[in-house]
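# Coordinate analysis (summary)
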Amino acid sequence: MTPPSLSPAERYAASRQRAGHPGVQAFRDRLAFELDPFQVQSCVALEDGESVLVAAPTGAGKTIVAEFAVFLSMGTAHEKVFYTAPIKALSNQKYNELADMYGHDSVGLLTGDTSVNPRARVVVMTTEVLRNMLYVGSDLLTDLKYVVMDEVHYLADRFRGPVWEEVIIHLPQEVRLVSLSATVSNAEEFGDWLNAVRGDTRVIVSEERPVPLDQHVLIRSRLVDLFDAKHAAAGGAPRLNPEFAEITRIPSRTPQQHGRGGPRNGPRPQRFGMPRSDVVDLLADRNLLPAIFFIFSRAGCDAAVRQAMRDGIRLTTADERAEIREIVEERCRTLLDEDLAVLGYWDWLEGLQRGLAAHHAGLLPAFKEVVEELFQKKLLKVVFATETLALGINMPARTVVLEQLEKFNGEARVPITPGEYTQLTGRAGRRGIDVEGHSVILWQEGLDPQSVASLASRRSYPLNSSFRPTYNMAVNLIERFGRDRTRTILESSFAQFQADRAVVDLARKVRQQEDSLAGYERAMQDETGTLGDVTEYAALRREITELERAGARPGDQSAKSRERRKRELIALRRRLKAHPAHSSPRRDELSRWAERWWRLKRQTESLQGQIATRTGAVARIFDRVTEVLIDLDYLRVVDDGRVVMTKHGGMLARIYGERDLLLAESLRRGVWHGLDVPAVAALATTFVFEPRREEGIVNERWLPKGPFRDAWNRLEGLWERLDDLERSQNLPGSDRPSVGLVSAMHRWARGGALDAVLREADLQAGDFVRWTKQVIDLLDQVSQVAEGQTSRTARQALDAIRRGIVAYSSVQ
């Protein structure tokens, strides 16, 4: 239905659009709500046969565009859609949603450790699965029409981002791309790249939040607006609320003094005001629940739940508690009784029944999924979460509370960025439920009102490529395209696109500085032509000054060095006096111009050096990667100069992961030979596990006895040789493999009890499951690429560790 408020011209335009895009109209007719303008534009572009990049805030309804792509494909006889997501939790969520829409027979799921109906018309998968399909030329790609890349801004992720670019570059050209992104500040640049590599791509950007955001600050017990509401109502730009500035009684400072909202140094700021439980009560009294409290610490999230329970917080009715119990018991019925106490099940359930929960990466996946389900059903009222909740999972709240404006980044406490603030507060406001969303900053000593206002009013979230060639990528592409064409393909990456854009800006600056250099040269000219090269004269003066300074510095003041310096100074002064410019009355003026010329010349040469390093940067890294592979006989140069893949390269082409080459070398050199099932599982951890803290020197007494220790020593030696080889090729090398999970995984593979394994690993249950799933993925690869007994033992090890809470979390 066309809204009656439209003008006659707008009604005519809407009528023309319906006639020209019957697919869009049919899709709109089956919805219970009207599409937003950006959604209509995106759907029209898809029906016109274009790819789309849709950049919009969290909760704006970007996935409607993806659903339209599915709708278009399901209206044909054979067309297929692949829906890719960055994390398994998102894949599972989207699979369930699409299966409810189109039936389980039409929808599949592929997440590495889960395969459900892979030949369906619509398949939800992680991006890595699609990348692997492209490299092996899977027949599942037949009839593929659309690929949805949900949360495509993940390509900025340092570890997993390159996979997104591989997929975008290597997808068949006839496949249309539906790229869904958070609001990024360089969407047009990303869209330009997509146009370059994928053809017609329409960029649609919406910065309108689906639910307006009211931003507050809680100071002591007062909840005040961050911005001046009257000024905003009059159409003005965001301006600090005078009442807020007065309450804080802190003189205004510039954002540069405190960075993005917090002090750079000094003691950790303390929140002053209400205890956390009183904050919950205040939000409840003001009808601002449900709320997500963002606490940038897993331990802090768990402690917050315990504190709220000790303080007697209870936010649910008897009916809600009964429904919560029923859902939890149904979802957790397959967990072993002996594991429940280890997992803290009873305390967790008690918190849920009170309407309280934590949400972070250390939580058991099964528990995390229950928390998400209960929150979506409005049964949970307060969730204490780390920032991982802000990434993609559908858990909007009425209110988001930020307890701090800084977080630990692994090395130091740093202020959150405007982009992170936008992502976090994007969870505030439930479309169709709330008139507005609310964000609440808990005020702390040391914060600056102007800096906080600046943080909350900026929306900068640049998307920067993290693409880099890998060993697996190199052998796969060279096998398919040859070395020369592969270099060309890699130069079409977003990383090189951005580098080339930067080169354009640098080249423009070089041209400007070259014009200035020419101007300086004209200023140094003498009408009589008798002064000679003034820059040479200025260089002599500079050399003399530097030598004199060197003589005045403490250090090498031996008689021999002093004598040498004295002779050099005498020679330079003689040349200076003999120079034609020395006798000119303008010599000081000309020397100043020459000094400026020299400084600008050095700056210009530095810029030219930057241009040289950025031009073809990705291809140069690829060349270094290729040389390593040639040295190790994974690639070989044949008589006609072509580079071809060897049989060892064929094995490497089927290994995916951060340590692809080390794994290939270990298999090739027999490191795995003779290991039993627990030892194979333990050795596999060293390829994937990354400790949160530095391990220091490993005490071999804690490692499994027998053949494992020899295997580990040989693996360490392989890593050292590879690291030396990489660094000799000006590649960054890699971190030493970690044995931090070895003993725990060895025990788990032998059937050890969960509580003993978690104690030995010093990990939370969710972390243990996540790392074990990665070990399972690696063992699956080993079982496929290795031969004989090693392959069989890897498969047995995989089965041995996929049990208990690990097996449960694999069931969708």
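Basis of the calculations
Residues numbered from 1 in each chain as written. Predicted model: local features only at pLDDT ≥ 70, side-chain atom pairs only at ≥ 80, totals over all residues. Heavy atoms only, no water. Helix = DSSP H or I, 4+ residues; strand = E, 2+ residues; numbered from the N terminus. Buried < 20%, exposed > 50% of the residue type's maximum accessible area, 1.4 Å probe, protein only. Contact = heavy atoms within 4.5 Å. Areas by Shrake-Rupley, 256 points an atom, 1.4 Å probe, with all protein chains shown as cover. Phe/Tyr/Trp six-rings, centres within 6.5 Å; stacked < 30°, edge-to-face > 60°. Axes fitted to C-alpha atoms, helices over the stretch in contact; angles between N-to-C directions. Left-handed = near helix turned anticlockwise from the far one by under 90°. Nonpolar A, V, L, I, M, F, W, Y, C, P; charged D, E, K, R; others polar. Pairing = 2+ DSSP bridges. Core = buried A, V, L, I, M, F, W, Y, C linked by side-chain atoms within 4.5 Å. Salt bridge = Lys/Arg side-chain N within 4 Å of Asp/Glu carboxyl O. Patch = residues over 30% accessible without salt bridge, like charges linked within 9 Å, V, L, I, M, F, W, Y side chains within 5 Å. Lys, Arg positive; Asp, Glu negative; His and termini not counted. Charge placed at Lys NZ, Arg CZ, Asp CG, Glu CD. Polar contact = N/O pair within 3.5 Å; in protein donor to acceptor, adjacent residues only side chain to side chain.

Looking only at helices and strands, the protein chain has 35 helices and 19 strands in total. Counting the 812 residues in the protein chain, one finds 52% classified as buried. Sequence separation of at least 24 residues holds for 74% of the intrachain contacts in the protein chain that already meet a minimum separation of 6. Here the protein chain has roughly 38,000 Å² of accessible surface; of this, 48% comes from carbon and sulfur atoms.

All told, the structure shown has 17 aromatic pairs when counted by the stated rule. Seen in terms of ring centroids, F68 and F71 are 6.2 Å apart; in terms of plane orientation they differ by 25 degrees. Their pairing is stacked. Separated by three residues within a single helix, F68 and F71 lie in helix α4 (residues 63–74), roughly one turn from each other. For the pair F68 and F71, a shared accessibility class is recorded, and that class is buried.

Glancing now at the packing of helix α14 (residues 318–331) against helix α16 (residues 345–353). As a packed pair, α14 and α16 sit with axes 9 Å apart at the nearest point and diverge in direction by 145 degrees. Our pair here, α14 against α16, has a crossing hand that is right-handed. Of the residues in α16, those in contact with R321, I324, R325, V328 and E329 of α14 are Y345, W348, L349, L352 and Q353. In terms of residue class, the contact of α14 with α16 is built from six nonpolar, one polar and three charged.

Further remarks concern the environment of R659. Of note, R659 is situated in the loop between α27 (647–652) and α28 (660–668). Between the alpha carbons of R659 and N472 there is a distance of 9.7 Å; along the sequence they are 187 residues apart. Excluding anything up to four places from it in sequence, R659 contacts T686, F687, W719, S734, D735, R736 and P737.

With that out of the way, let us pick up the sheet that holds strand β14 (residues 399–402). A sheet is described by the order of its strands in space; here seven strands give the open sequence β10-β9-β17-β14-β11-β13-β12, paired in mixed fashion. If you trace the sheet from one side to the other, it starts and ends with β10 (222–225) and β12 (356–359), each paired once. Direction aside, neighbouring strands of the sheet carry axes that sit 25 degrees apart on average. Two elements, β12 and strand β13 (residues 382–385), share four bridges in a ladder whose sense is parallel. Within β13, the position partnered with H359 by the bridge is A385.

Grouped together as the largest cluster of nonpolar side chains are 133 residues, with contacts concentrated most on V328, L352, L629, W672 and I805. Setting aside chain neighbours within four positions, we find L629 in contact with Y471, A474, V475, Y634, L635, L652 and L661. F27, A45, V70 and Y83 belong to the second largest nonpolar core, which has 37 residues in total.

Enumeration over the complete set of coordinates arrives at 33 salt bridges. In this structure, the salt-bridge partner of K377 is E373, at a minimum N-O distance of 3.7 Å. The exposure class assigned to K377 is partly exposed, which follows from its relative accessible area of 42%. D633 is paired through a salt bridge with R636; the nearest N and O atoms lie 2.9 Å apart. By relative accessible area, R636 is classed as partly exposed at 43%. Several salt bridges share partner residues, and in doing so they unite R483, R487, D623 and E627 into one network.

A word on a positive patch on the surface. Together, R592, R596, R599 and R602 make up a region of like positive charge exposed at the surface. Within the secondary structure layout, R592 lies in helix α25 (residues 587–614).

This part is about the sheet that holds strand β3 (residues 107–110). If you trace the eight strands from one edge of the open sheet to the other, you get β4-β3-β5-β2-β6-β7-β1-β8, paired in mixed fashion. Two strands close off the open sheet at either side, each with one partner strand: β4 (115–116) and β8 (201–205).

The next thing to look at is the pairing of strand β2 (residues 80–85). Counting buried positions along β2 gives six out of six residues, so the element sits mostly inside the fold. Of the two faces of β2, the one lined by K80, F82 and T84 and the one lined by V81, Y83 and A85 are each fully buried. Sheet topology places β2 next to strand β6 (residues 144–149); five bridges connect them, and they run parallel. Within β6, the position partnered with K80 by the bridge is L144. As paired elements, β2 and strand β5 (residues 122–126) share five bridges and run parallel to each other. When the bridges of β5 are listed, T84 appears paired with M125.

Further remarks concern the side chain of H216. Examined against the element boundaries, H216 turns out to sit in strand β9 (residues 213–219). Taking relative accessible area as the criterion, H216 reaches 9% and is therefore assigned buried. Of note is the side chain of H216, whose polar atom sits 3.1 Å from the side chain of D225. Setting aside residues up to four positions removed in sequence, H216 forms contacts with L223, V224, D225, L226, H438, S439, V440 and I441.

All right, on to helix α19 (residues 449–457) then. Since the α-helix packs 3.6 residues into each turn, any two residues three or four apart lie on the same face. In terms of residue burial, α19 counts as a mostly covered element, since seven of its nine residues are buried. All of the buried residues along α19 are P449, S451, V452, A453, S454, L455 and A456.

Turning next to the environment of V644. On the secondary structure map, V644 appears in strand β19 (residues 643–645). Sequence separation between V644 and E479 is 165 residues; the distance between their C-alpha atoms is 6.5 Å.

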